[in-house]
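One-letter residues, chain by chain:
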Amino acid sequence: MKVYIAASFKHQHAVEMLTERLEDMGIEVLSWLREGRPEEAFLSKRELEAFIHSAEGERVFKFCAGSATKANLVIYLGPSGCDAWAEVGAAYGTGVPIFGLIAKSEEVGLMRHMIHCWSTSVAGLLEQ
């Protein structure tokens, strides 16, 4: 089984821990942290804009979009931003099941219906 975790860079440590738990269970994680550039979260707006329009930015985008649509499962960690929700939408549009870890400050509205199964804890999420 291949899993992709859609989440904000602000959840980097949670993504790392969840990745480790999933891999300990024998699940392959298509990790944007390994393929992407975690340091992009710390770039200035100008540097981030240059990264987005660079060949490296295009490569990372293709990895993330491709992973979200080709995984066997997508896990959304909330609250996250528009990029994670775009990945959820891409997964939903291609029929990939999506599980979500909801947070109290989650602001998504009607589109929350794209998530097949919501959990309020990591333990609950992993039991699914």
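Residues numbered from 1 in each chain as written. Predicted model: local features only at pLDDT ≥ 70, side-chain atom pairs only at ≥ 80, totals over all residues. Heavy atoms only, no water.

Peer 1: Go over the pattern of salt bridges, please, and point to the residues and values.
Peer 2: In the structure shown here, the tally under the stated rule is 4 salt bridges. With a shortest N-O distance of 2.7 Å, Glu23 and Arg34 are connected by a salt bridge. With a gap of 11 residues between them, Glu23 in helix H1 (residues 12-24) and Arg34 in helix H2 (residues 32-35) connect regions that are remote in the sequence. The class of Glu23 is partly exposed, set by a relative accessible area of 31%. Assessed through its relative accessible area of 53%, Arg34 is described here as exposed. Between Glu35 and Arg59 there is a salt bridge, and its shortest N-O distance comes to 3.4 Å. Separated by 24 residues along the polypeptide, Glu35 in helix H2 and Arg59 in helix H4 (residues 55-70) bring together distant segments of the chain. (Salt bridge = Lys/Arg side-chain N within 4 Å of Asp/Glu carboxyl O. Helix = DSSP H or I, 4+ residues; strand = E, 2+ residues; numbered from the N terminus. Buried < 20%, exposed > 50% of the residue type's maximum accessible area, 1.4 Å probe, protein only.)

Peer 1: Describe in detail the environment of Val60, supporting the description with residues and values.
Peer 2: Along the chain, Val60 falls in helix H4. Spatially, the C-alpha atom of Val60 lies 5.3 Å from that of Gly36, the residues being 24 residues apart in sequence. Beyond its immediate sequence surroundings of up to four residues, Val60 is in contact with Glu35, Gly36 and Phe51. (Contact = heavy atoms within 4.5 Å.)

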